[in-house]
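Here is how the chains run, residue by residue.
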Amino acid sequence: MPIQQSTWMRLLLLALFAGSGCSALIYEIVWYQLLQFAIGSTAVSLGILLATFMGGLCLGSLLLPPLLPRLGRLAVYPLRLYAVLEACIALFGLAALKLIPAIEGVYVAGVQHGMPGMLLRGAICVICLLPPTMLMGASLPAIVRWGTSGSAAWWAVLYGANTLGAVSGALLAGFYLLRVYDLATATIAAAAINLVAAAISYAVATPQETPAQTPAPATLPDWSVYLAVGLSGAAALGAEVVWTRLMGLMLGATVYAFSIILAVFLAGLALGTAMGSALVKKLDARLALGWCQVLAALEIVWTAYVIADALPYWPINPLLSPRPRFIFELDLLRSLVAMLPPCLFWGASFPLAFAALGARDRGRVVSGIYAANTFGAIIGALAVSLVLVPWIGTRNTERVLIAVSLGGALVMLLPRALRDNALAVAVPTVTAVIVLLAWRVDAVPDELIAYGRRMPINAGYSTVLLTAEGRDSSIAVSRWHSDNSLQFHVAGKVEASSNGTDMKLQRMLGHLAALPQPAPHSVLIVGFGAGVTAGSFTTYPSIKRIVICEMEPLIPPTSTRFFAAQNYGVAKDKRTQIVFDDARHFVLTTPEKFDMITSDPIHPFVRGSAALYSKEYFEAEKAHLTEHGMVTQWVPLYESDEATVKSEIATFLSVFPDGLVFANTDNGTGYDLAMVGMNHPTPIDLDAVESRLRSAAYAPVRASLANVGFYSGAALLGTYAGDGRDLAPWLKDAQINHDGDLRLQYLAGLALNVSQEDVIYKAIVAHRKIPSAGFRGSPGALQNLYQAMNMPAGGGQGD
């Protein structure tokens, strides 16, 4: 038997192509993270990234077959061609570590807002992603040319192996390489896989004769197969976008949850491909492809039901154990129950589509099917994320996806039904059933949008007044029964409220930055939330410009509707400008400098949010402060552990070494922190603070502070919990959060079920000493501060 046809050779190729899939997923995760630092992480920016990445796969798949005649002897050696592709992917992957940051510098220097900015973002993605992704797309049509008796089943098995490798890549990157190491190490690991695959492929390559071409049976035009598989791709990727969003609410939106969701989705495709490959010789491929889309439509109904009506009410408390393994196992189980069934049928569509086109030029068949599916996936993902969800919501989007799957089925089944009596009855009947089931699809519970993974313990304790699904986030407003407070929810978390403890922190973030300065003029607020922090600045007579950076356009008008009394109508203040953009992107690209920057981003365990807690981000904030400017930063102590909080504080103090830490307590127990950094450290003048507060012009400021229990400047500043010098011994083992690793999101994601807020708070204040550098004032003013801090004037540690 020739070496090309031997069993061990086939197994070797499957292993090599699985390795290629593994490296591709690692690159995808790394490149997305690198590019998001520059072009932002809004839905539009991520849509551009996705379209470019998948567009490259589509182009590479289409362009290779017509280029083969120009490749000379390389075209005669399919495995050598594959080896060259893998080696080039490795080189591009390694080069991207330097190329992307270099291009980012050009982008930041020349960025504009509006359509020019969008075009520039697209150009950056094309330059960085198109060459390597085209090479990735060309690898499947290259490798399927190996052997003289390739079949649709074998092509599909190759594709399934590649997808299974992608599963391992998603898990390897999310749970190990990026958690333990960094982007550079992950890239090197992916490149090593490519180079090993290239070396082995080149070593075992032998000449390949072009097999005779067999014409396809003249039953249906080829376009029907391409259209059906394209609609299948649109439904699959569109559904992935919707279900990732909804499952992210339920699981907590950590990097680990997203890795599990992606792995389950890809594993379903791989298993479905294997099942389809095993059955393809026993079935009428065109007919089976049509029924496969019918079953996929029914399984979308299943998943919609499970996510909306079953999983949120499972009698399992996801907060039951602080052990990460418990969280991961429960997340995996819920993802499998919800998402695996439809993915099986989308995966099975590939071998059926290959077989439906018959034995012909294998490279062109595979590239055509792959390109059609990928193009459909691009359209589906972009349409769902940018248009359908913000326009009609996730419930109606699922109905549209059911219709898309049904459309793919009808493309294949209707022509046969015209000459087959049994099908003529079955097709309309099944269509009617699917339409009825689609109409009965429920929306997810309002409390899931409000409380996310904490729904099991919070359900019934509040009334949800509003829910809305926007382009970037799902939001809700609720009223808590016990104290009648309003809560503002973003992505399944309470991000702000009118509760006394939350109100105090929100006002602290504003007043700690503004009150120490004699006449601040401009402020940048990162994140609108309920608008309370931003509204604090409207009370200062010298403020002339308030810039608020917010990703989700639904948030400002909703907060204005429900929290106008608490935020002083800041959204409608003539001094206010709201910029709808990723905050990091805005800070990097604006030429403006501010007297104050206050940052209250979403919790650091949420995937991507650690970029707003990195050393490089804090350096960018410092670079955009005026000479005596100040920055305040929120740090949560709840749903966190000591290692996570240490990382947040140490990273901030690495940029602002003279920074001050202030604590917000809930009935005397730890809750969260407000950190203060200065461009040029200057002690806070206590007498000047009290003098300003006594003036008539500062009457609104006095009222704003008194509203949350601060009746003097000393009371506000008395929340002081330490500075960089005090906390240095406690922080000696802290991990600094860098752009190159975003270690914080991996630390925070392991502490979802941890409740150590008071333990952490007491550890911090145990290191607190009488502040010798952060404050100055008369003996009376200093004595008032020490009394507010509950510390003796003679020095020593706090209690």
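Residues numbered from 1 in each chain as written. Predicted model: local features only at pLDDT ≥ 70, side-chain atom pairs only at ≥ 80, totals over all residues. Heavy atoms only, no water.

Draft legend 1. Inspection of the overall build of the chain at higher detail. In terms of helices and strands, the chain carries 27 helices and 14 strands. Radius of gyration (C-alpha) of the chain: 29 Å, near the 28 Å computed for a compact globule of 799 residues. Looking at the 799 residues of the chain, the share that counts as buried comes to 61%. Carbon and sulfur atoms provide 64% of the accessible area of the chain, an area that totals close to 28900 Å². Taken together, the 52 basic and 53 acidic charged side chains of the chain have centroids lying 6 Å from each other. (Helix = DSSP H or I, 4+ residues; strand = E, 2+ residues; numbered from the N terminus. Rg over C-alpha atoms; globule rule 2.2 N^0.38 Å. Buried < 20%, exposed > 50% of the residue type's maximum accessible area, 1.4 Å probe, protein only. Areas by Shrake-Rupley, 256 points an atom, 1.4 Å probe, with all protein chains shown as cover. Lys, Arg positive; Asp, Glu negative; His and termini not counted. Charge placed at Lys NZ, Arg CZ, Asp CG, Glu CD.)

Draft legend 2. Representation of the confidence of the model for the chain. For the chain, the mean per-residue pLDDT works out to 90, and 92% of the residues sit at or above 70. By mean pLDDT, the top-scoring element of the chain is helix α20 (residues 642–655) (98), and the lowest-scoring one is helix α4 (residues 115–143) (79). Per-residue pLDDT stays below 50 along residues 794–799; that stretch engages in 14 contacts with residues further than four places along the chain or on separate chains. (pLDDT = per-residue confidence, 0-100. Contact = heavy atoms within 4.5 Å.)

Draft legend 3. Spotlight on the sheet that holds strand β3 (residues 486–490). Read from one edge of the open sheet, four strands run β1-β2-β3-β4, paired in antiparallel fashion. A single partner strand is all that each edge strand has here, and the edge strands are β1 (462–469) and β4 (493–497). Each adjacent strand pair in this sheet contributes to an overall mean axis angle of 25°, direction not counted. Across five bridges, strand β2 (residues 474–480) lies against β3 in antiparallel orientation. The partner of Ile475 across the bridge, within β3, is Val490. Of the strands in this sheet, β1, β2, β3 and β4 touch helix α17 (residues 555–567), which is tilted by about 170° from β3. (Pairing = 2+ DSSP bridges. Axes fitted to C-alpha atoms, helices over the stretch in contact; angles between N-to-C directions.)

Draft legend 4. Quick peek at empty space enclosed by the protein. The tally for this structure, following the rule as stated, stands at six cavities of 30 Å³ or more. Its volume calculated, the second largest cavity comes out at about 90 Å³. Along the walls of the second largest cavity sit 13 residues, with Met250, Leu311, Pro312, Arg334 and Pro456 positioned nearest its centre. Counting residues per element, the ones that place at least two in the lining of the second largest cavity are α10 (324–356) and α14 (455–458). A breakdown of the residues in the lining of the second largest cavity according to their chemical character gives ten nonpolar, one polar and two charged. (1 Å grid on protein atoms, 1.4 Å probe; cavity = no way out; pocket = protein on both sides within 12 Å on 5 of 7 lines; lining within 4 Å. Points joined across faces, edges and corners; volume = space filled by probe spheres on them. Nonpolar A, V, L, I, M, F, W, Y, C, P; charged D, E, K, R; others polar.)

Draft legend 5. Representation of the packing of aromatic side chains. As enumerated under the stated definition, the model contains 25 aromatic pairs in all. Arranged with centres 6.2 Å apart and planes meeting at 85°, the rings of Phe488 and Phe563 form a pair that is edge-to-face. Within this pair, whereas Phe488 is found in strand β3, its partner Phe563 is found in helix α17, the two being separated by 75 residues in sequence. This pair shows no difference in class: Phe488 is buried, exactly as Phe563 is. Between Arg80 and the ring centre of Tyr202, over which it is positioned, the NZ or CZ distance is 4.8 Å. Over the face of the ring belonging to Phe258 we find Arg607, whose NZ or CZ atom lies 3.8 Å from the ring centre. (Phe/Tyr/Trp six-rings, centres within 6.5 Å; stacked < 30°, edge-to-face > 60°. Lys NZ or Arg CZ within 6 Å of the ring centre and 35° of its normal.)

Draft legend 6. Spatial organisation of the nonpolar core. In terms of nonpolar packing, the biggest core is built from 258 residues, with Trp346 and Ile649 touching the most fellow members. In terms of residue count, helix α11 (residues 362–417) provides more of this core than any other element does, 19 residues in total. Apart from residues lying up to four places away in sequence, Ile649 is in contact with Leu673, Met675, Leu727, Trp730, Leu731 and Ile764. If you look at the next biggest cluster of nonpolar residues, it comprises nine residues, including Phe258, Ile327, Ala748 and Leu752. (Core = buried A, V, L, I, M, F, W, Y, C linked by side-chain atoms within 4.5 Å.)

Draft legend 7. Here's a closer look at the pairing of β2. Counting buried positions over the seven residues of β2 gives six, a clear majority of the element. Connecting β1 to the next strand, β2, in antiparallel fashion are four residues. Between β2 and β3, which follow one another and run antiparallel, lie five residues, and Asn484 among them has a positive phi close to 65°.

Draft legend 8. Here's a closer look at the state of the cysteines. Under the counting rule described, the total for this entry stands at zero disulfides. Considering cysteine sulfurs only, Cys128 is the nearest to Cys88, which forms no disulfide, with 18 Å between them. (Disulfide = S-S within 2.5 Å.)

Draft legend 9. Geometry of the packing of helix α19 (residues 615–623) against α20. In the contact formed by α19 and α20, the axes pass within 9 Å of each other and the chain directions differ by 40°. Taken together, the axes of α19 and α20 lie oblique to each other. Both α19 and α20 take part in a crossing whose hand is right-handed. Residue-level contacts link Lys615, Phe618, Glu619 and Lys622 of α19 to Thr651, Phe652, Ser654 and Val655 of α20. Taken together, the residues of the contact of α19 with α20 sort by class into three nonpolar, two polar and three charged. (Parallel < 35°, antiparallel > 145°, perpendicular 65-115°, else oblique. Left-handed = near helix turned anticlockwise from the far one by under 90°.)

Draft legend 10. Here's a closer look at the pairing of strand β7 (residues 576–580). Pairing of strand β6 (residues 545–550) with β7, which is carried by five bridges, proceeds in the parallel orientation. Considered in β7, the bridge of Glu550 is made with Phe580.

Draft legend 11. Region of the structure containing the pattern of salt bridges. Under the defined criterion, the tally for this structure stands at 15 salt bridges. Linking Lys493 and Glu639 is a salt bridge whose minimum nitrogen-to-oxygen distance equals 3.0 Å. Highlighted residues: Lys493 in strand β4 and Glu639 in the loop between β9 (625–636) and α20, separated in sequence by 146 residues. No difference in accessibility class separates Lys493 from Glu639, as the two residues are buried. With its nearest N and O atoms 3.0 Å apart, the salt bridge here joins Arg575 to Asp573. By relative accessible area, Asp573 is classed as buried at 17%. Several salt bridges share partner residues, and in doing so they unite Arg454, Lys493 and Glu639 into one network. (Salt bridge = Lys/Arg side-chain N within 4 Å of Asp/Glu carboxyl O.)

Draft legend 12. Examining the sheet that holds β6 more closely. Ordered by their spatial adjacency, eight strands build an open sheet running β7-β6-β5-β8-β9-β11-β10-β13, and the pairing between neighbours is mixed. Edge positions in the sheet fall to β7 and β13 (720–723), since each has one partner strand and no second. Between one strand and the next, the sheet's axes are offset by a mean angle of 20°, whatever the strand orientation. As judged from the seven bridges shared by strand β10 (residues 660–666) and strand β11 (residues 669–678), these two strands associate in the antiparallel manner.

Draft legend 13. Expanded view of the environment of Asn753. Within the element layout of this structure, Asn753 appears in the loop between α25 (743–749) and α26 (757–765). When the C-alpha atoms of Asn753 and Val167 are compared, they prove to be 26 Å apart, with 586 residues separating the residues in sequence. Setting aside chain neighbours within four positions, we find Asn753 in contact with Pro318, Leu319, Leu320, Ser321, Pro322, Ile327 and Arg453. Polar side-chain contacts of Asn753 include one of 2.7 Å to the backbone oxygen of Ser321. Reaching out from Asn753, the side chain makes a polar contact with the side chain of Arg453 at a distance of 2.9 Å. (Polar contact = N/O pair within 3.5 Å; in protein donor to acceptor, adjacent residues only side chain to side chain.)

Draft legend 14. Structural view of the environment of Ala296. Looking at the element boundaries, Ala296 is found in helix α9 (residues 285–310). In this structure Ala296 touches Phe345, Trp346 and Ser405, once residues within four positions along its chain are discounted.

Draft legend 15. Seen up close, the layout of surface pockets. Approximately 830 Å³ is the volume found for the largest pocket. Lining the largest pocket are 36 residues, with Arg454, Val494, Asp502, Tyr638 and Tyr671 positioned closest to its centre. Of all the secondary structure elements, the ones that give two or more residues to the lining of the largest pocket are α14, β4, α15 (500–514) and β11. Ranked by residues supplied to the lining of the largest pocket, first place goes to β4 with five residues. Split into classes, the residues belonging to the lining of the largest pocket amount to 13 nonpolar, 13 polar and ten charged. When its volume is computed, the second largest pocket comes out at roughly 290 Å³. Along the walls of the second largest pocket sit 18 residues, with Pro516, Gln517, Pro518, His628 and Thr682 positioned nearest its centre. Counting only elements with at least two residues in the lining of the second largest pocket, the list comes to β9, β12 (684–685) and α21 (686–694). For the lining of the second largest pocket, the element with the highest residue contribution is β9, accounting for three residues. Split into classes, the residues belonging to the lining of the second largest pocket amount to nine nonpolar, five polar and four charged.

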